[in-house]
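Structure assessment
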Amino acid sequence: LDLNLGGETSLSVADALVARGIPFVVATGYGAAGLPESHRRVPVLPKPYDPADLMAVVEKLCAGR
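Counted by the stated rule, this structure contains two salt bridges. Salt-bridge contacts for Asp 2 lead to Lys 47; the nearest nitrogen and oxygen are separated by 2.7 Å. Placement of the pair is Asp 2 in the segment before helix H1 (11-20) and Lys 47 in the loop between strand E2 (44-46) and helix H2 (51-63), with a sequence separation of 45 residues. Take Lys 47: its relative accessible area is 38%, and that puts it in the partly exposed class. Across the pair Glu 37 and Arg 40 runs a salt bridge whose closest N-O atoms are separated by 3.2 Å. What makes Glu 37 exposed here is its relative accessible area of 63%.

Turning to the environment of Val 44, a few remarks are in order. Take Val 44: it is sitting in strand E2. Sequence-wise, Val 44 and Leu 3 are 41 residues apart; in three dimensions their C-alpha atoms are separated by 11 Å. Leave out the neighbours within four places in its chain, and Val 44 touches Val 25, Val 26, Thr 28, Gly 31, Ala 32 and Leu 35.

If you look at the biggest cluster of nonpolar residues, it comprises seven residues: Leu 3, Ala 14, Leu 17, Phe 24, Val 26, Leu 35 and Val 42. Val 26 has contacts with Leu 1, Leu 3, Leu 35, Val 42, Pro 43, Val 44 and Leu 45, leaving out every residue within four places of it along the chain.

Conventions we followed
Residues numbered from 1 in each chain as written. Predicted model: local features only at pLDDT ≥ 70, side-chain atom pairs only at ≥ 80, totals over all residues. Heavy atoms only, no water. Salt bridge = Lys/Arg side-chain N within 4 Å of Asp/Glu carboxyl O. Helix = DSSP H or I, 4+ residues; strand = E, 2+ residues; numbered from the N terminus. Buried < 20%, exposed > 50% of the residue type's maximum accessible area, 1.4 Å probe, protein only. Contact = heavy atoms within 4.5 Å. Core = buried A, V, L, I, M, F, W, Y, C linked by side-chain atoms within 4.5 Å.

Here it is in C-alpha cells:
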C-alpha cells in the first residue's frame, strides 16, 4: 500500500488487512517513522524502490503464510 494518496491515506485499508490477517507491505517516502504505531511492524519499502525489492518482500510475505 502507498499510505499517502495526495492528501488522503490508505490507513483504513491497512486496518482492514490487519483485522483480516492479510499481510501487506507499505511503500512510502517517509520510512517506518511515518507509520502509525499500530502498523510499525509492517514491512516498509522506501520510495522510490526497485521492483526486485518489491518482489523479494512479497515472496517473503507469501512464504510466511
